[in-house]
Amino acid sequence: MTGPGQRPRRGQGELEALVLSALREADGPATAGWVQERLGGDLAYTTVITILTRLLGKSAVTRERVGRSFAWTPASDQAGLAARKMRKVLDAESDRGAVLASFVTGLGPDEERLLRDLLDQAQSEGED
């Protein structure tokens, strides 16, 4: 709940998305201070560090030591991150076939065609 003059709290996922977006705009590895500035400075430095550390735990970012601090880099693009989330959900289910069947039956015709093309492409690349 927020009072007068306070901004509504952002969800953890929203902050993570903002931080990842900022990192993707960087020319290379970026410090937490750079990320904080890029986001307009309205997040505390410690909050940015906390978010980066959570993203590191999710393998969404990597870090390298630079002096006494770290420089952070996104581990993959947006599509790669979404694929990693999908894999995590699938791995957590005992009946993978049912999950995949439910997913596939929910696809529209264009998405189904794209999935078939991608599967065909992956199969033919595996045969090479």
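It should be emphasised that the depicted structure is a prediction, and the values quoted were computed from it without experimental measurement.

## Section: the pairing of strand β3 (residues 69-74)
Across two bridges, the pairing between strand β1 (residues 30-31) and β3 is antiparallel. Directly across from Thr-31, in β3, lies its bridge partner Ala-71. The pairing of strand β2 (residues 61-66) with β3 spans six bridges and is antiparallel. Residue Arg-63 lies in a different strand from β3, and its bridge partner there is Trp-72. Taken together, β2 and the strand that follows it, β3, pair antiparallel across an intervening segment of two residues, in which Gly-67 is found at a positive phi of about 65 degrees.

## A word on the pattern of salt bridges
Applying the stated criterion across every chain, the model contains six salt bridges. Between Arg-87 and Asp-91 there is a salt bridge, with its nearest N and O atoms 3.7 Å apart. Remark: Asp-91 and Arg-87 occur in helix α4 (residues 78-91); sequence separation between them is four residues, near one turn of the helix. For Arg-87, a relative accessible area of 45% puts it in the partly exposed group. Residue classification places Asp-91 among the partly exposed positions, given a relative accessible area of 45%. Each of the salt bridges in this network shares a partner with another, and the network as a whole consists of Arg-87, Asp-91 and Arg-96.

## A few points about the sheet that holds β2
Strand pairing within a sheet occurs via backbone hydrogen bonds; the two strands may be parallel or antiparallel. Spatial ordering of the open sheet is given by β1-β3-β2, a layout of three strands whose pairing is antiparallel. If you trace the sheet from one side to the other, it starts and ends with β1 and β2, each paired once. Contacting β2 and β3, helix α3 (residues 45-57) crosses the sheet at an angle of about 120 degrees to β2.

## Some details on the nonpolar core
Soluble globular proteins tend to bury their nonpolar side chains together. Core analysis: the biggest nonpolar cluster contains 18 residues, and Val-19, Leu-23, Leu-52 and Leu-55 have the highest contact counts within it. Elements that contribute at least two residues to this core include exactly α1 (12-25), α2 (32-38) and α3. Those residues within four positions of Leu-23 in sequence are excluded, and the remaining contacts are Ala-30, Val-35, Leu-52, Val-61, Trp-72 and Pro-74.

The rules behind each value
Within each chain, residue numbers correspond to sequence positions counted from 1 in written order. Only residues with pLDDT of 70 or above have their local features reported here, since the model is predicted, and side-chain atom pairs are shown and tallied only from 80 upward, although totals for entire chains, interfaces and linings are computed over all residues. The basis for the side-chain values is all heavy atoms of the structure; hydrogens and waters are excluded. Pairing between strands is defined by DSSP: at least two bridges between them are needed. Where helices and strands are cited, they refer to DSSP runs of H or I of at least four residues and of E of at least two residues respectively, numbered from the N terminus. By definition, a salt bridge exists where a carboxyl oxygen of Asp or Glu is found within 4 Å of a side-chain nitrogen of Lys or Arg. Burial classification: accessible surface area is computed with a 1.4 Å probe over protein chains only, and a residue below 20% of its type maximum counts as buried, one above 50% as exposed, and the rest as partly exposed. It only takes one pair of heavy atoms within 4.5 Å for two residues to be counted as in contact. Axes here mean lines fitted to C-alpha atoms, for a helix over just the part in contact, with angles spanning 0 to 180 degrees between N-to-C directions. In plain words, nonpolar cores are sets of buried Ala, Val, Leu, Ile, Met, Phe, Trp, Tyr and Cys residues tied together by side-chain atoms within 4.5 Å.

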